[in-house]
Amino acid sequence: MERRHAVVTGASSGIGAATVRTLVREHGMRVTAVARRADRLAALAEETGCDVVVADITSDADVERLASEMAQPVHVLVNNAGGAIGWEHVAESSLEAWSRQYEVNVVGTVRVTQALIPALRASGSGDIVVVTSTAGIEPYENGAGYVAAKHAESAMVRTLRLEMTGQGVRVIEIAPGMVRTDEFSLTRFAGDQASADAVYAGIEPLVAEDIADAIGWSVTRPHHVNVDRLVIRPREQGSATKTVRRATAPN
Ligand code: 8X3
């Protein structure tokens, strides 16, 4: 059987790096890891044997180069790159942060997806995975720029599924809740480690490998099975606004 080839964005850390490891080790795929940081990709290549392309998904030129440099065919695209910036009420929020979050989470995902759709169609059994967020399902205070971007990204995914129906390409949304990674909350809180740590205090959050496991499972179902959307939260997170923490009152 042909060895499937997956392209994973945002692969230098967190869910992306874990997904590269899972697809290579658990599922025997050839993987192209995509991110901006060449040193991290080189280490991941050394560790897993993945191919790498250094690229910024917000750059037209970089994504064009990705599409021309990557190995062919492409069976799986995992759109993982994205992130949250800032923690503020709408009334005081940074317009620059709104734009940046839309650019990275929505436009960047569309840019990569558009560039790779021909290769995914050509594979005859393509998969487009988009890692959105529970922020794409329900709002929470202080997160509106990210919540809005993730709602938009989720709407794009559901539209894309309608448009791809009948073309042999599955469209799969993975919507994680609280996942403790080295960078997600640290970026959101502009490098404030104490604030980042407080997000996960008193609970056992998800880890990147939990999401990588779900991605690996979704793309290895028989190809007539389309997992439309998986919503995955830590057990103690009942919703975006209800997390029960040990040794603290429920909030
Ligand atoms: C990350 C989950 O809860 O920070 O996408 O919105 S959350």
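As the structure is a prediction and not an experimental result, all values here were calculated from the model.

K.L.:
Got a sec to walk through the overall build of the chain? Specific residues and values, please.
P.N.:
What the chain contains, in helices and strands, is 8 helices and 11 strands. Projected onto the principal axes, the alpha-carbon positions of the chain cover approximately 55 × 40 × 35 Å. Among the 251 residues that make up the chain, the fraction classed as buried is 51%. For the chain, restricting intrachain contacts to residue pairs at least 6 apart in sequence, the fraction spanning at least 24 positions comes to 69%. Counting only carbon and sulfur atoms, one obtains 52% of the accessible surface of the chain, whose full area is about 11500 Å². Distance between charge centroids for the chain: 4 Å, based on 25 positive and 31 negative side chains.

K.L.:
Got a sec to walk through the site of the ligand? Specific residues and values, please.
P.N.:
The local shell around the ligand consists of S133, A135, Y140, Y146, P176, G177, F184 and R188. Separating an oxygen atom of the ligand from a side-chain N or O atom of S133 is a distance of 2.6 Å. The contact in question runs from an oxygen atom of the ligand to an N or O atom on the side chain of Y146, over 2.6 Å. When the ligand sits alone it has 240 Å² of accessible area, and the protein chains cover 86% of it. In terms of residue class, the shell around the ligand is made up of 5 nonpolar, 2 polar and 1 charged.

K.L.:
Give me the lowdown on the packing of helix α3 (residues 60-69) against helix α4 (residues 95-123), citing residues and values where you can.
P.N.:
Following both chains from N to C, one finds α3 and α4 inclined at 30 degrees, their axes separated by 9 Å at the closest point. Between α3 and α4, the crossing angle belongs to the class labelled roughly parallel. Of the two elements, α3 crosses α4, and the hand of that crossing is right-handed. Residue-level inspection shows D60, V63, L66 and A67 of α3 in contact with α4, the latter providing R111, V112, A115 and L116. Across the contact of α3 with α4, the residue classes tally to 6 nonpolar, no polar and 2 charged.

K.L.:
Before we move on, can you summarise the packing of aromatic side chains with the specific residues and values?
P.N.:
Counted under the stated rule, the structure contains 3 aromatic pairs. On the numbers, 5.6 Å between centres and 50 degrees between planes, the contact of W87 with F189 is tilted. Here W87 is found in the loop between β4 (76-79) and α4, whereas its partner F189 is found in the loop between α6 (184-188) and α7 (193-199), with 102 residues between them in sequence. When its relative accessible area of 40% is taken as the criterion, W87 is described as partly exposed. Within the aromatic cluster, the residues linked to one another by ring pairs are W87, Y140 and F189.

K.L.:
Give a description of helix α1 (residues 14-25) that names residues and reports values.
P.N.:
Taking 1.5 Å per residue, 12 residues should reach 16 Å; α1 reaches 17 Å between its end C-alpha atoms and fits that length. With respect to burial, α1 is a largely interior element, 9 of its 12 residues being buried. Of the positions making up α1, those classed as buried are I15, G16, A17, A18, T19, V20, T22, L23 and V24. Contacts from the buried residues of α1 go to β1 (5-9), β2 (30-35), α2 (38-48), β4, β7 (179-180) and α8 (208-218).

K.L.:
Outline unusual backbone geometry, listing residues and values.
P.N.:
Along the chain, Q72 connects to P73 via a cis peptide bond; the corresponding omega equals -10 degrees. On the secondary structure map, P73 appears in the loop between α3 and β4. Here N142, not a glycine, exhibits a phi torsion of approximately 75 degrees, which is positive. Inspection of the secondary structure puts N142 in the loop between β5 (126-131) and α5 (144-164). Positive phi outside glycine occurs at A190, with the angle close to 50 degrees. If you trace the backbone, A190 turns up in the loop between α6 and α7.

K.L.:
Hey, could you go over the nonpolar core for me, with residue numbers and the actual values?
P.N.:
The biggest cluster of nonpolar side chains holds 32 residues, and the ones touching the most others in it are V20, L23, V31, V78, I211 and I215. The contact partners of V31, leaving out residues within four places of it in the chain, are H5, A6, V8, V20, L23, V24, C50 and D51. Counting residues in hydrophobic clusters, the runner-up holds 24 residues, among them I57, V112, I128 and V130.

So, how was this worked out
- Residues numbered from 1 in each chain as written.
- Predicted model: local features only at pLDDT ≥ 70, side-chain atom pairs only at ≥ 80, totals over all residues.
- Heavy atoms only, no water.
- Helix = DSSP H or I, 4+ residues; strand = E, 2+ residues; numbered from the N terminus.
- Buried < 20%, exposed > 50% of the residue type's maximum accessible area, 1.4 Å probe, protein only.
- Contact = heavy atoms within 4.5 Å.
- Areas by Shrake-Rupley, 256 points an atom, 1.4 Å probe, with all protein chains shown as cover.
- Lys, Arg positive; Asp, Glu negative; His and termini not counted.
- Charge placed at Lys NZ, Arg CZ, Asp CG, Glu CD.
- Near = heavy atom within 4 Å.
- Polar contact = N/O pair within 3.5 Å; in protein donor to acceptor, adjacent residues only side chain to side chain.
- Nonpolar A, V, L, I, M, F, W, Y, C, P; charged D, E, K, R; others polar.
- Axes fitted to C-alpha atoms, helices over the stretch in contact; angles between N-to-C directions.
- Parallel < 35°, antiparallel > 145°, perpendicular 65-115°, else oblique.
- Left-handed = near helix turned anticlockwise from the far one by under 90°.
- Phe/Tyr/Trp six-rings, centres within 6.5 Å; stacked < 30°, edge-to-face > 60°.
- Expected span 1.5 Å × (residues − 1).
- Core = buried A, V, L, I, M, F, W, Y, C linked by side-chain atoms within 4.5 Å.

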